[in-house]
Amino acid sequence: MIFDSLKNAALYYGVSPRLQKAFELVAAQDWTSVEPGIHELDGRDIFVNVVERELKKREDAKLEVHNEYIDIQILVSGKEESFGWSERKDLTQPQADFNEEKDIQFFDDVPQTYYTLKPGQFTILLPEDGHAPMVGEGPIRKIIVKVRK
């Protein structure tokens, strides 16, 4: 898990071959007015899910993991968004088997820790990171950039 301000995004280009391109494509767009839903930036190698939702209570946010994609989650508007986090290797309570088609598996484990994003900040979540997004109060707009690893 990486947590930082967008102004520092270049520090993380080396984490994965496609991260630099993903951050550059994201920076080229004003995400405040893009319609919610899936938008391909580089086919299925880099795409964005624009989300507008009400945040949830901690107990309602489930930890999730991915195998094929790295998430870059960026809060576009709203006060803040918290994330639960645990190392994937420590997760022991799967809700179901891994869904290969959707590249996701959910867990009932309690997150090891929480951290909070404000607008202009991002988190990078690798396949090794269990994460429970969308925690807090109130409405938000965010983008979830899916980057094939």
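For the structure, check the block above.
The sections below set out a description of the structure shown in this document. (Residues numbered from 1 in each chain as written. Predicted model: local features only at pLDDT ≥ 70, side-chain atom pairs only at ≥ 80, totals over all residues. Heavy atoms only, no water.)

### Side note on the overall build of the protein
Along the protein, the regular secondary structure elements total one helix and 11 strands. Ordered by position in the sequence, the α and β elements of the protein form the string β-α-β-β-β-β-β-β-β-β-β-β. Counting only C-alpha atoms and orienting by the principal axes, one finds that the protein spans roughly 40 × 30 × 25 Å. Out of the 149 residues in the protein, the part that is buried amounts to 44%. Look at the contacts in the protein between residues 6 or more apart in sequence, and 78% of them connect residues 24 or more apart. If you sum the accessible surface of the protein, you get close to 7900 Å²; carbon and sulfur atoms cover 47% of it. Across the protein, the mean location of the 19 positive side-chain charges is 2 Å away from that of the 27 negative side-chain charges. (Helix = DSSP H or I, 4+ residues; strand = E, 2+ residues; numbered from the N terminus. Buried < 20%, exposed > 50% of the residue type's maximum accessible area, 1.4 Å probe, protein only. Contact = heavy atoms within 4.5 Å. Areas by Shrake-Rupley, 256 points an atom, 1.4 Å probe, with all protein chains shown as cover. Lys, Arg positive; Asp, Glu negative; His and termini not counted. Charge placed at Lys NZ, Arg CZ, Asp CG, Glu CD.)

### Considerations on the environment of M134
Structurally, the position occupied by M134 is in strand 10 (residues 129–135). By relative accessible area, which is 6% here, M134 ends up buried. Each residue touching M134, except ones within four places of it in the same chain, is listed here: V51, R53, E54, L55, K56, E81, S82, I140 and K142.

### Let's talk about the pattern of salt bridges
For the structure shown, the criterion picks out 10 salt bridges. Where D45 meets R148, a salt bridge forms, and the shortest distance between an N and an O atom there is 2.8 Å. Note that D45 is positioned in the loop between strand 2 (37–42) and strand 3 (46–54) and R148 in strand 11 (residues 139–148), a separation of 103 residues in sequence. Look at R148 and you get partly exposed, because its relative accessible area is 26%. A salt bridge links K142 to E81; the nearest nitrogen and oxygen atoms lie 2.7 Å apart. Taken as a pair, K142 in strand 11 and E81 in strand 6 (residues 81–87) lie far apart in primary sequence, 61 residues in all. (Salt bridge = Lys/Arg side-chain N within 4 Å of Asp/Glu carboxyl O.)

### Things to note about the packing of aromatic side chains
Describing an aromatic ring pair means giving the distance of the ring centres and the angle of the ring planes. All told, the structure shown has six aromatic pairs when counted by the stated rule. On the numbers, 5.5 Å between centres and 50° between planes, the contact of F3 with Y115 is tilted. Of the two residues, F3 is situated in strand 1 (residues 2–5) and Y115 in strand 8 (residues 113–117); the sequence distance between them amounts to 112 residues. With centroids separated by 5.1 Å and ring planes inclined at 70°, the aromatic side chains of F23 and F122 adopt a geometry described as edge-to-face. Linking F23 in helix 1 (residues 19–27) with F122 in strand 9 (residues 121–125), this pair joins segments that are 99 residues apart in sequence. (Phe/Tyr/Trp six-rings, centres within 6.5 Å; stacked < 30°, edge-to-face > 60°.)

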